[in-house]
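Analysis of the macromolecular model
Each chain, written out:
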Amino acid sequence: MTLIDHDLGTPAPRGASRDAHLPEVSLTIDGESVVVPEGTSVMRAAAIAGVDVPKLCATDKLDPFGSCRLCLVEIDGRKGTPASCTTPVAPGMSVTTQSPKLERLRRGVMELYISDHPLDCLTCAANGDCELQDMAGAVGLRDVRYGYEGDNHLSLTKDTSNPYFTFDSSKCIVCSRCVRACEEVQGTFALTIEGRGFGSRVAAGANGNFFDSPCVSCGACVQVCPTATLTENTVIELGQPRREVLTTCAYCGVGCSFKAEMQGEQVVRMTPYKDGGANEGHSCVKGRFAWGYASHPDRQLSPMIRESNTDEWKKVSWEEAIAYSAKKLKEIQATHGQNSIGGITSSRCTNEEVFAVQKMIRGAFGNNNVDTCARVCHSPTGFGLKNAFGTSAGTQDFKSVEYADVILLIGANPTDAHPVFASRMKKRLRAGAKLIVVDPRQIDLVRTPHVEASHFLQLRPGTNVAVINSLAHVIVTEGLLDEAFVSERCEPVEFSVWREFISRPENSPEQMEAHTGVPAAEVRAAARLYATGGNGAIYYGLGVTEHSQGSTMVMGMANLAMATGNLGRDGVGVNPLRGQNNVQGSCDMGSFPHELAGYRHVSDDATREMFQQLWGATIQDEPGLRIPNMLDAALDGTFRAIFVQGEDIAQSDPNTVHVQSALKAMDLVIVQDLFVNETAKLAHVFLPGTSFLEKDGTFTNAERRINRVRPAMRPQTGKHEWEAVCDLAEAMGFAMRWNTSSEIMDEIAKLTPTFAGVSFDHLDRVGSVQWPCNEANPIGTPIMHRDRFVRGLGKFTPTPYVPTEERSTRKFPLLLTTGRILSQYNVGAQTRRTKNVKWHPEDILEIHPADAEERGVREGEEVTISSRVGATVLRAHITDRVAPGVVYTTFHHPVSGANVVTTENSDWATNCPEYKVTAVQVSPGRSASTVELDHPEHRLGALVRMANQIARQWAADSSADAVSATVYHLENFWEHDMRVDLARAVDTGSVTVDDLVIEAVRRLTVHA
Ligand code: SF4
Ligand code: SF4
Ligand code: SF4
Ligand code: FES
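Residues numbered from 1 in each chain as written. Chains lettered and ligands numbered in written order. Predicted model: local features only at pLDDT ≥ 70, side-chain atom pairs only at ≥ 80, totals over all residues. Heavy atoms only, no water.

This part covers the overall build of the chain. Helix and strand counts for the chain stand at 33 helices and 37 strands. Residues counted as buried form 63% of the 1008 residues belonging to the chain. Counting only carbon and sulfur atoms, one obtains 51% of the accessible surface of the chain, whose full area is about 36,200 Å². (Helix = DSSP H or I, 4+ residues; strand = E, 2+ residues; numbered from the N terminus. Buried < 20%, exposed > 50% of the residue type's maximum accessible area, 1.4 Å probe, protein only. Areas by Shrake-Rupley, 256 points an atom, 1.4 Å probe, with all protein chains shown as cover.)

A separate point is the site of ligand 3. Neighbouring residues of ligand 3: Cys249, Tyr251, Cys252, Val254, Gly255, Cys256, Phe258, Cys284, Lys286, Gly287, Pro419 and Val420. Listing elements by their share of the shell around ligand 3, those giving two or more residues are helix H7 (285-289) and helix H12 (419-430). Considering only residue class, the shell around ligand 3 consists of 9 nonpolar, 2 polar and 1 charged. (Near = heavy atom within 4 Å. Nonpolar A, V, L, I, M, F, W, Y, C, P; charged D, E, K, R; others polar.)

With an omega dihedral of 0°, the bond running from Trp771 to Pro772 counts as a cis peptide bond. Within the secondary structure layout, Pro772 lies in the loop between strand S31 (769-770) and strand S32 (814-819). Notably, Phe189 is not glycine yet its phi reads approximately 60°, a positive angle. Mapped onto the secondary structure, Phe189 falls in the loop between helix H4 (177-186) and strand S7 (191-194).

Burial within strand S17 (residues 406-410) is extensive, with 5 of its 5 residues counted as buried. Judged by which residues are buried, S17 turns out to be covered on both faces: Val406, Leu408 and Ile410 on one side and Ile407 and Leu409 on the other are all buried. Bridge count for S17 against strand S18 (residues 434-438) is 5 bridges, and the pairing is parallel. Bridge pairing in S18 places Ile410 opposite Val438. Here S17 runs beside strand S22 (residues 536-540); their pairing, made up of 5 bridges, is parallel. Its bridge partner being in S22, Leu409 is matched across the sheet by Tyr539. (Pairing = 2+ DSSP bridges.)

Next up on the list: the environment of Cys912. For Cys912, the location among the structural elements is in the loop between strand S36 (886-890) and strand S37 (918-924). Taking the relative accessible area as the measure of exposure, Cys912 reaches 0% and is therefore buried. Separated by 532 residues in sequence, Cys912 and Pro380 have C-alpha atoms that sit 7.0 Å apart.

The subject of this paragraph is the site of ligand 1. The full set close to ligand 1 counts 14 residues, and Cys172, Cys175, Ser176, Cys178 and Cys225 are the nearest of them. When its residues are assigned to classes, the shell around ligand 1 shows 10 nonpolar, 3 polar and 1 charged.

Averaged over the chain, the pLDDT score is 87; the fraction of residues at 70 or greater is 89%. Per-residue pLDDT stays below 50 along residues 948-955; that stretch engages in 21 contacts with residues further than four places along the chain or on separate chains. Note on residues 957-980: pLDDT is under 50 here. Beyond four places in sequence and across chains, it has 37 contacts. (pLDDT = per-residue confidence, 0-100. Contact = heavy atoms within 4.5 Å.)

With that settled, consider the side chain of Arg362. Structurally, the position occupied by Arg362 is in helix H9 (residues 351-365). Comment: no salt bridge for buried Arg362; closest opposite-charge side chain is Glu595, at 7.9 Å. (Lys, Arg positive; Asp, Glu negative; His and termini not counted. Salt bridge = Lys/Arg side-chain N within 4 Å of Asp/Glu carboxyl O.)

On to the pattern of salt bridges, then. Two side chains bearing opposite charge may form a pair once their charged atoms approach each other closely. Evaluated as defined, the whole model comprises 47 salt bridges. In this structure, Asp727 and Arg737 form a salt bridge, with 2.8 Å as the shortest nitrogen-oxygen distance. With a gap of 10 residues between them, Asp727 in helix H25 (residues 721-731) and Arg737 in the loop between H25 and helix H26 (741-751) connect regions that are remote in the sequence. Judged by relative accessible area, which is 18%, Asp727 ranks as buried. Between Glu861 and Arg858 there is a salt bridge, and its shortest N-O distance comes to 3.1 Å. What makes Glu861 partly exposed here is its relative accessible area of 31%. With relative accessibility at 53%, the residue Arg858 sits in the exposed group. Put simply, Asp129, Glu232, Glu261, Arg269 and Arg288 are held in one network by salt bridges that share partners.

Turning next to the sheet that holds strand S10 (residues 243-248). Overall, antiparallel pairing links the 3 strands, which are arranged S10-S11-S12 in an open sheet. Unpaired on one side and paired on the other, S10 and strand S12 (266-272) mark the two borders of the sheet. Strand-to-strand twist in this sheet, taken as the mean axis angle between neighbours without regard to direction, amounts to 30°. Sheet topology note: the strand S11 (residues 257-263)/S12 ladder contains 6 bridges and is antiparallel. (Axes fitted to C-alpha atoms, helices over the stretch in contact; angles between N-to-C directions.)

On to the sheet that holds strand S30 (residues 705-709). Strand order in this open sheet of 3 strands is S29-S30-S31, and the pairing throughout is antiparallel. One side of each edge strand has no neighbouring strand; the edge strands of this open sheet are strand S29 (697-700) and S31. The pairing of S29 with S30 spans 4 bridges and is classified as antiparallel. Looking at the pairing, Phe699 lines up with Asn707 of S30.

Summarising burial for helix H22 (residues 627-636): 8 of the 10 residues are buried, a large majority. Among all positions in H22, only Ile627, Met630, Leu631, Asp632, Ala633, Ala634, Leu635 and Asp636 are buried. In the segment just after H22, Gly637 is the residue with positive phi, at about 95°.

Before going further, it helps to spend a moment on the nonpolar core. Soluble globular proteins tend to pack their nonpolar side chains together in the buried interior. Ranked by internal contacts, the top residues of the largest apolar core, which has 70 residues, are Phe210, Leu230, Met425, Leu435, Tyr539 and Leu693. With 4 residues, the single largest contributor to this core is H12. Other than its neighbours up to four places away in sequence, Met425 contacts Val401, Ile407, Leu409, Pro414, Leu445 and Tyr539. Of all hydrophobic cores here, the second largest spans 64 residues; its members include Leu329, Phe365, Ala617 and Leu751. (Core = buried A, V, L, I, M, F, W, Y, C linked by side-chain atoms within 4.5 Å.)

Along strand S8 (residues 201-204), one buried face is formed by Arg201 and Ala203 and the opposite face, lined by Val202 and Ala204, is buried too. Between S7 and S8, which follow one another and run antiparallel, lie 6 residues, and Gly195 among them has a positive phi close to 85°.

With that out of the way, let us pick up the side chain of Asn581. Looking at where Asn581 falls in the secondary structure, it is placed in the loop between strand S23 (574-576) and helix H20 (583-588). The exposure class assigned to Asn581 is buried, which follows from its relative accessible area of 2%. In this structure the side chain of Asn581 is engaged in a polar contact, spanning 3.4 Å, whose partner is the backbone oxygen of Ala250. Excluding anything up to four places from it in sequence, Asn581 contacts Cys249, Ala250, Tyr251, Cys252, Gly253, Ser347, Arg348, Phe699, Thr700, Asn701 and Tyr825. (Polar contact = N/O pair within 3.5 Å; in protein donor to acceptor, adjacent residues only side chain to side chain.)

Within the secondary structure, Leu687 sits in strand S28 (residues 685-688). If we skip the residues at most four places from it in the chain, Leu687 touches Trp318, Ala321, Phe643, Ile670, Val671, Gln672 and Asp673.

What follows is about the packing of aromatic side chains. Applying the stated criterion across every chain, the model contains 18 aromatic pairs. Considering the side-chain rings of Phe355 and Trp615, the 6.0 Å spacing of their centres and the 80° angle between planes classify their relative orientation as edge-to-face. Of this pair, Phe355 sits in helix H9 while Trp615 sits in helix H21 (residues 605-615), placing them 260 residues apart in sequence. There is no split in this pair, since Phe355 and Trp615 are both buried. Ring geometry for Phe611 against Trp615: centres 5.1 Å apart, planes inclined by 85°, an arrangement best described as edge-to-face. (Phe/Tyr/Trp six-rings, centres within 6.5 Å; stacked < 30°, edge-to-face > 60°.)

As a further point, take helix H2 (residues 100-115). In this model, H2 (16 residues) spans 22 Å end to end at C-alpha, consistent with the 22 Å of a helix rising 1.5 Å per residue. Of all the positions in H2, only Leu102, Arg106, Gly108, Val109, Met110, Glu111, Tyr113, Ile114 and Ser115 are classed as buried. (Expected span 1.5 Å × (residues − 1).)

Our focus in this paragraph is the packing of helix H13 (residues 464-477) against helix H16 (residues 509-516). Running from amino to carboxyl end, H13 crosses H16 at an angle of 165°, the nearest separation of the two axes being 9 Å. Here H16 runs roughly antiparallel to H13, going by the angle between their axes. You can see that H13 and H16 cross each other, and the crossing is left-handed. On H16, the residues touching Ala466, Val467, Ser470, His473 and Val474 of H13 are Pro509, Met512 and Thr516. Tallied by class, the residues present in the contact of H13 with H16 amount to 5 nonpolar, 3 polar and no charged. (Parallel < 35°, antiparallel > 145°, perpendicular 65-115°, else oblique. Left-handed = near helix turned anticlockwise from the far one by under 90°.)

In structure tokens:
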């Protein structure tokens, strides 16, 4: 496909909504007629007519500035030579872009620039990609009359503080493009022009270098710089790229489109693609610069096997690894039954790779024991939105935020976790939209340059539902409902039940304040703003879903949006900010144990029949095991083998000690990944995976946008991941073969109504599409539920607030909540292998000054953080971003293992873990209690956890069967791998067997 790079000089004029067409204006440019929307600049109109007016300070990525005076034109009937970039078109206008006078003026401008510019074009990194060089050619500059001897800036030193780009001020023409990009596109305001006249220079922050400034390394300034002043270090090292491949970032759920600019199979740079639907030419530090992990020496390129997970790895051929895996899997099934094995798909992989793995599990393994990492992040989104609206996905595209008047941001930190979308949101906020932030921690958006939240509801962790209910309570009891929308679009009976529920005094902000800690008056004001401020849009993240009431909260937000009529058009909606690049896609592809592709239940005979016909396999009609069930069953001894596709569950899942114990208890762990990560350290088979630069397929982002991932190089492992999966399925006796990944998408389209119109050819033609994409919506569906909900009428559901079981106690008086930081990504497997570590070399614990003082914790010192399941050591940062009683950390570094302390609590509907609330204690230094837990370490916690689980089962069903099942669990529990851990724990003197049994029995007794 052809990549569109033509810079039209100024952006397109913006209408009141994207459906509203601006009136058209007709004019002539150099005698040619052109018709453009009202508000278009003369420069842009000329470019559309095929006439590129010389320019330096203008680019269509930024608002016109009018500083360089190179783009002068003549307009019939007007005096002088106006700048075409800042002059709007007018009806009947007649423009001349070339004349002897204009040529003379432009040459004069260029002469001035060149007289203060190093004449080292031949050795300059930008040679061949420099607009200054191009413009000198375009205006026919042949001589510089002023010479090069006068005052100049040629001896200014370079700023190399940023690990990814260099600032060479001696080449700067002070066009302000970089400053404007940092303000307009990124919204960080890190750059200024210091000084006046000849002395004016670009400066980064107060300290004068990029690294120490507020710069977030998004690269927007580098991209717009028309000279070599701001240049990627890789371009300086390697030279200009020679070919480009359009692909998609493999980090977060924004799904930015990039041109991979290559020399052979070497990436020279990743440039955000202007026509990328999700990013429109913008990027963040991860997608733009942090791609070096793909060729990091740690990457494993050969298959490996070993009998025991304590043996040394043996590198083997693909054939041997596949044959070994298939034989073992079949043996395990022969001994322990068909359902004794399963697998996990990855939200990091393409739709096609995910589809292949779930097909292998359903077809070759013969069961539904498939789950995905969405289990631990956005599974409540799928559940809650499907219940309310009929579809398991967000309602809007990203562009919709440009039309929002009030943004309700809940449990999300977009400037760190979804940076490119955050920039779009900030732009809208700077233009006047209002912001309400609901978060236990003061995220950047609460107050950042030129953005300030109207309301910051700093709730206690775990009380989201209390807040959403009290917001809805105000809206209902103060008569702020959109009655017309509700009566036309929603189920009437469910609505009246909900209305009665939400009106109860127990849901009022005043009564909820005791739980949430948010002043009632603030909640009332925020509710009024959301309900009456125009288009109200909800955006939310894992701070909503990763709770024991995650699904309840998603339904609560859906209730709020329906009650106020904020659905079905631009600027509104309920929008999950998805964590991983393809978490939407992995869910769409049938990765859940109860659903086939397109969210159709496995018990649905017609759906199953369709798959069975095409696959020639029998699909079980009962849901299989979820990830937590697989892990528990592994410890029970009933689940013996797992295929883990690109996911480090031993680090990313909660209570990692439990996960590791479960993995150790299995007879066979197969990991398909780039690196020998924490999970692979416990594996028996390692199948090397491909990086996004080698993949051929699609990712589906948070706005349901299906983006192509095109290979920039061959698989460095010799095989696409889906090919290895096909090989394994066939070695197990199940016929599964495609020739290309586009054939996989064809099969997906055949079996999945929302993907019916999708094919690689179609995506190559139209760029990207948002599902549903089918005959009715051939170019996709940016906004869902326009005239009716997918389920017909919207469904209100009462959402009673149930406090989490995880609450602060005398022993664990603080509440820990977790999140991400901009420069790192998830478990850090990729970003830790890039220069991004310069920004975030370790996880940090944020603690309020009052809590720090009470504990004698000092800034920058190590502290022990312990919960009832484990303990770890982090460095403290004292800050009032967190409220007293709350501490916060990230989980990007395995060495700190923040998830060692997170517990087994999970969402009632989906088992999504409650990462966001853990009762903890913090004490200075590496305390004695941690030393006690070190090594057999957090296993003590795992043992207690098991007892807890038994107690729950007992409490749920106290029949004789349950009693014997409990005894069985207990026996297995002691018999299994845990016995070894127990022995170690006992050896260290940290616990006795009796203590553990007493604890288990005590809990059983309490619950029974
Ligand atoms: S650094 Fe580049 S973009 Fe910024 S003012 Fe200088 S030449 Fe223009
Ligand atoms: S890299 Fe981004 S944040 Fe940093 S100065 Fe440039 S535009 Fe601003
Ligand atoms: S915002 Fe997300 S998708 Fe875009 S470049 Fe950054 S990490 Fe990649
Ligand atoms: S491009 Fe118009 S003034 Fe610089």
